[in-house]
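# Fold and geometry: a report
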Amino acid sequence: DAGITQSPRHKVTETGTPVTLRCHQTENHRYMYWYRQDPGHGLRLIHYSYGVKDTDKGEVSDGYSVSRSKTEDFLLTLESATSSQTSVYFCASHPLAGSLIEQFFGPGTRLTVL
Amino acid sequence: QKEVEQNSGPLSVPEGAIASLNCTYSDRGSQSFFWYRQYSGKSPELIMFIYSNGDKEDGRFTAQLNKASQYVSLLIRDSQPSDSATYLCAVNLVKTSYDKVIFGPGTSLSVIP
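The paragraphs below set out a description of the structure included in this document. (Residues numbered from 1 in each chain as written. Chains lettered and ligands numbered in written order. Predicted model: local features only at pLDDT ≥ 70, side-chain atom pairs only at ≥ 80, totals over all residues. Heavy atoms only, no water.)

## Observations concerning the interface of chain A and chain B
Interface size is commonly expressed as the accessible surface area that is lost when the partners come together. Contacts between the two partners involve 21 residues from chain A, matched on the other side by 21 residues from chain B. Taking both partners together, chain A and chain B bury about 1800 Å²; carbon and sulfur atoms supply 59% of that area. Where chain A touches chain B, the interface holds zero salt bridges. Mapped by element, the contributors of at least two residues to the side of chain A that touches chain B are strand 4 (31–38), strand 5 (42–51) and strand 9 (87–94) of chain A. (Contact = heavy atoms within 4.5 Å. Buried area = accessible area lost by both parts, 1.4 Å probe. Salt bridge = Lys/Arg side-chain N within 4 Å of Asp/Glu carboxyl O. Helix = DSSP H or I, 4+ residues; strand = E, 2+ residues; numbered from the N terminus.)

Given below as structure tokens:
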């Protein structure tokens, strides 16, 4: 398995507070992604990165920002958490571009916003 | 219309039967197709990918692709209780600067002993 970790694994926070989730990979993968997973919606892309300091928005990026200052770390920040951001967040990565890519997923972070 | 659609299930099959999972996609530019398995509380893991029309077999799993109908399926033969999971269909649409992977909502499969 690819070495992808996420921290924290569980977090409970209050509405209006900023929250940062961390994804760390030891595979030297160039591409990294943040998804959220909610019942009935599958995995929805929040933001992705195609290299250090190179990031772009996914389909549900409002209220989220990301940073990637090193190959191994991809941070997701909820600028002011809302209850609608209660979800399970998955980080994923892969090394190569092209059509046949296998994404490797981290273990997930369960976030609850009260 | 959603980009990738799947029957939400739950799909229940008896042990030893064939489970059939279906997925349709809207973008004809889609180039490759993936099936991920996700156990409850765990992260998705890739079990099959296919990019050419026809069938691809790997052990008890067969992926079928029909690009004209924009349809991809996964057959699980001799279903086992350990196959009980949610199966996510994913479609890769190669854009100019990155690979855009869109996931379906998943189908929950329950294999009854």
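## A look at the nonpolar core
Residue and element names in this part refer to chain B. Of all hydrophobic cores here, the largest spans 24 residues; its most connected members are Trp35, Val72, Leu74, Ile76 and Tyr87. When contributions to this core are tallied by element, the ones reaching two or more residues are strand 3 (19–25), strand 4 (32–38), strand 5 (45–50), strand 7 (61–66), strand 8 (71–76), strand 9 (85–94) and strand 11 (107–112). Beyond its immediate stretch of four places on either side in the chain, Val72 contacts Leu21, Asn22, Cys23, Phe33, Trp35, Ile50, Gln64, Leu65 and Cys89. (Core = buried A, V, L, I, M, F, W, Y, C linked by side-chain atoms within 4.5 Å. Buried < 20%, exposed > 50% of the residue type's maximum accessible area, 1.4 Å probe, protein only.)

## Some thoughts on the state of the cysteines
Applying the stated criterion across every chain yields a total of two disulfides over all chains. Put simply, Cys23 of chain A and Cys91 of chain A are joined by a disulfide, and their sulfur atoms are 1.8 Å apart. What sets the handedness of the Cys23 of chain A and Cys91 of chain A disulfide is the S-S torsion sign, and at about -70° it is left-handed. Highlighted residues: Cys23 of chain A in strand 3 (residues 19–25) and Cys91 of chain A in strand 9, separated in sequence by 68 residues. With a relative accessible area of 0%, Cys23 of chain A lands in the buried category. With its sulfur 2.0 Å from that of its partner, Cys23 of chain B forms a disulfide with Cys89 of chain B. (Disulfide = S-S within 2.5 Å.)

## Overview of the packing of aromatic side chains
Per the counting criterion, the structure on display carries 12 aromatic pairs over all chains. Consider the rings of Phe90 of chain A and Phe105 of chain A, whose centres lie 6.4 Å apart with planes at 85°: the pair is edge-to-face. With Phe90 of chain A in strand 9 and Phe105 of chain A in strand 10 (residues 104–105), this pair connects stretches of sequence that are 15 residues apart. In this structure Phe90 of chain A comes out as buried when scored by relative accessible area, which is 3%. Judged by relative accessible area, which is 9%, Phe105 of chain A ranks as buried. Both rings, one in Tyr36 of chain B and one in Phe103 of chain B, keep their centres 5.5 Å apart while their planes meet at 55°; by these two values the pair is tilted. With Tyr36 of chain B in strand 4 and Phe103 of chain B in strand 10 (residues 99–103), this residue pair connects regions lying 67 residues apart in the sequence. The same class applies to Tyr36 of chain B as to Phe103 of chain B, namely buried. Through pairs of rings, three or more aromatic residues link up here, namely Tyr33, Tyr35, Tyr48, Tyr50, Phe90 and Phe105 of chain A together with Tyr36 and Phe103 of chain B. A cation over an aromatic ring shows up here: Lys56 of chain B above the ring of Phe49 of chain B, its NZ or CZ 3.5 Å from the ring centre. Its guanidinium or amino end placed over the ring of Phe61 of chain B, Arg60 of chain B lies 5.5 Å from that ring's centre, counting from NZ or CZ. (Phe/Tyr/Trp six-rings, centres within 6.5 Å; stacked < 30°, edge-to-face > 60°. Lys NZ or Arg CZ within 6 Å of the ring centre and 35° of its normal.)

## Considerations on the pattern of salt bridges
Applying the stated criterion to the full structure yields seven salt bridges over all chains. Between Arg22 of chain A and Asp73 of chain A there is a salt bridge, with its nearest N and O atoms 3.1 Å apart. Remark: Asp73 of chain A occurs in strand 8 (residues 73–78) and Arg22 of chain A occurs in strand 3; sequence separation between them is 51 residues. For Asp73 of chain A, a relative accessible area of 8% corresponds to the buried category. Its salt-bridge partner being Glu45 of chain B, residue Arg37 of chain B comes within 3.1 Å of it at the nearest N-O pair. The class of Glu45 of chain B is partly exposed, set by a relative accessible area of 33%.

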